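Single-letter residue listing:
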Amino acid sequence: MAQGLIEVERKFVPGPGTEERLQELGGTLERRVTFRDSYYDTPELSLMRADYWLRQREGSGWELKCSRAASVSGPHTEYVELTAEPAVVAQLCEVLRAEVPGAGGVAAVLGPLGLKEVASFVTKRSAWKVVLHGADEEEPPLRVDLDAADFGYAVGEVEALVQEEAEVPAALEKIHSLSSMLGVLAQETAPAKLIVYLQRFRPQDYQRLLEVYSSKEKP
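What you see is a predicted model, and the numbers here were worked out from it, not measured in a lab.

The subject of this paragraph is the pattern of salt bridges. According to the stated counting rule, one finds 16 salt bridges in the structure shown. Across the pair lysine 11 and glutamate 157 runs a salt bridge, and its minimum N-O distance is 3.2 Å. Separated by 146 residues along the polypeptide, lysine 11 in strand β1 (residues 5-12) and glutamate 157 in strand β8 (residues 153-162) bring together distant segments of the chain. In this structure, the salt-bridge partner of aspartate 147 is lysine 193, at a minimum N-O distance of 2.9 Å. With aspartate 147 in strand β7 (residues 142-149) and lysine 193 in helix α6 (residues 193-201), this pair connects stretches of sequence that are 46 residues apart. The two residues aspartate 147 and lysine 193 agree in class, both being buried. When salt bridges that share partners are traced, they join Glu7, Glu9, Lys11, Lys65 and Glu157 into one network.

A word on helix α3 (residues 85-95). All of the buried residues along α3 are Ala87, Val88, Val89, Gln91, Leu92 and Cys93. On its buried face, α3 is in contact with α2 (46-49), β3 (52-57), β4 (61-67), β5 (77-82) and α4 (106-110). Just downstream of α3, arginine 97 is the residue with a positive phi angle, here 55°.

Another aspect to go through is unusual backbone geometry. Located in the positive-phi region is leucine 45, a residue other than glycine, with phi close to 60°. Note on placement: leucine 45 falls in the loop between β2 (28-41) and α2. The buried category is assigned to leucine 45, whose relative accessible area is 2%. One non-glycine residue, aspartate 51, adopts positive backbone phi at about 70°.

With that settled, consider the pairing of β2. Bridge count between β2 and strand β6 (residues 116-130): 13 bridges; the pairing is antiparallel. Paired with tyrosine 39 across the bridge in β6 is alanine 119. With four bridges connecting them, β2 and β3 associate as antiparallel partners. Among the inter-strand pairings, tyrosine 39 is bridged to a residue of β3, identified as arginine 55.

Before going further, it helps to examine the environment of glutamate 159. Inspection of the secondary structure puts glutamate 159 in strand β8. When its relative accessible area of 12% is taken as the criterion, glutamate 159 is described as buried. A sequence separation of 16 residues divides glutamate 159 from arginine 143, and the C-alpha atoms of the two residues are 5.2 Å apart. Those residues in contact with glutamate 159 that sit more than four places away from it in its chain are Glu7, Val8, Glu9, Leu142, Arg143 and Ile175.

Before going further, it helps to examine the nonpolar core. Judged by nonpolar contacts, the single largest core of 38 residues is most densely connected at Leu54, Leu64, Leu92, Val144, Val158 and Leu178. Of all the elements, helix α5 (residues 168-181) adds the most residues to this core, at five residues. Excluding residues within four positions of it along the chain, leucine 92 makes contact with Leu47, Leu54, Leu64, Leu113 and Leu115. Counting residues in each nonpolar core, the second largest holds 22 residues, with Tyr39, Val155, Ala190 and Leu194 among its members.

The rules behind the values
Residues numbered from 1 in each chain as written. Predicted model: local features only at pLDDT ≥ 70, side-chain atom pairs only at ≥ 80, totals over all residues. Heavy atoms only, no water. Salt bridge = Lys/Arg side-chain N within 4 Å of Asp/Glu carboxyl O. Helix = DSSP H or I, 4+ residues; strand = E, 2+ residues; numbered from the N terminus. Buried < 20%, exposed > 50% of the residue type's maximum accessible area, 1.4 Å probe, protein only. Contact = heavy atoms within 4.5 Å. Pairing = 2+ DSSP bridges. Core = buried A, V, L, I, M, F, W, Y, C linked by side-chain atoms within 4.5 Å.

Structure, rendered in structure tokens:
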């Protein structure tokens, strides 16, 4: 697989006081943004069922989240994020067992690979960064995204991006610490926006995923 950052994240259900609590913890509101995400897969959901998630974000381009075995068990997920289009195309072809085309970006291979839009929705996000008390000045801050999708679902996410596998346990410790400060219960999980979208609007596809995954959360 092409190299990419390791995204370690934990989702939770935000409450009416979450932003106020972030401020109390010294968090900084970086921006409030609105964007549309469109997800693509084959009719059989070959990508999602293999734990790969292809997304085009309005204004940001393509991203492929690639599953990786979690190094520590718990209510979190670990993914490698690919954003360079050649790397995304190469990984798509590997997962779908197709030949890599000679040229062209992601949009050019959607048709040949049988990929079609399976979900599209708009999200309003408030993006925060938080430096935990006592953290090294050189340590990157944790990111907290509070999302409200246009189909009536809200979810929060505490995230750390690391370069190496060895950094994951320390990142997880910080994520769990901040989650606890935000009032998130130890084993609390929340489904991702895409999963709730499929459950509500494409129940047959949702059932297909349930056949593969039990209660494990997805991006």
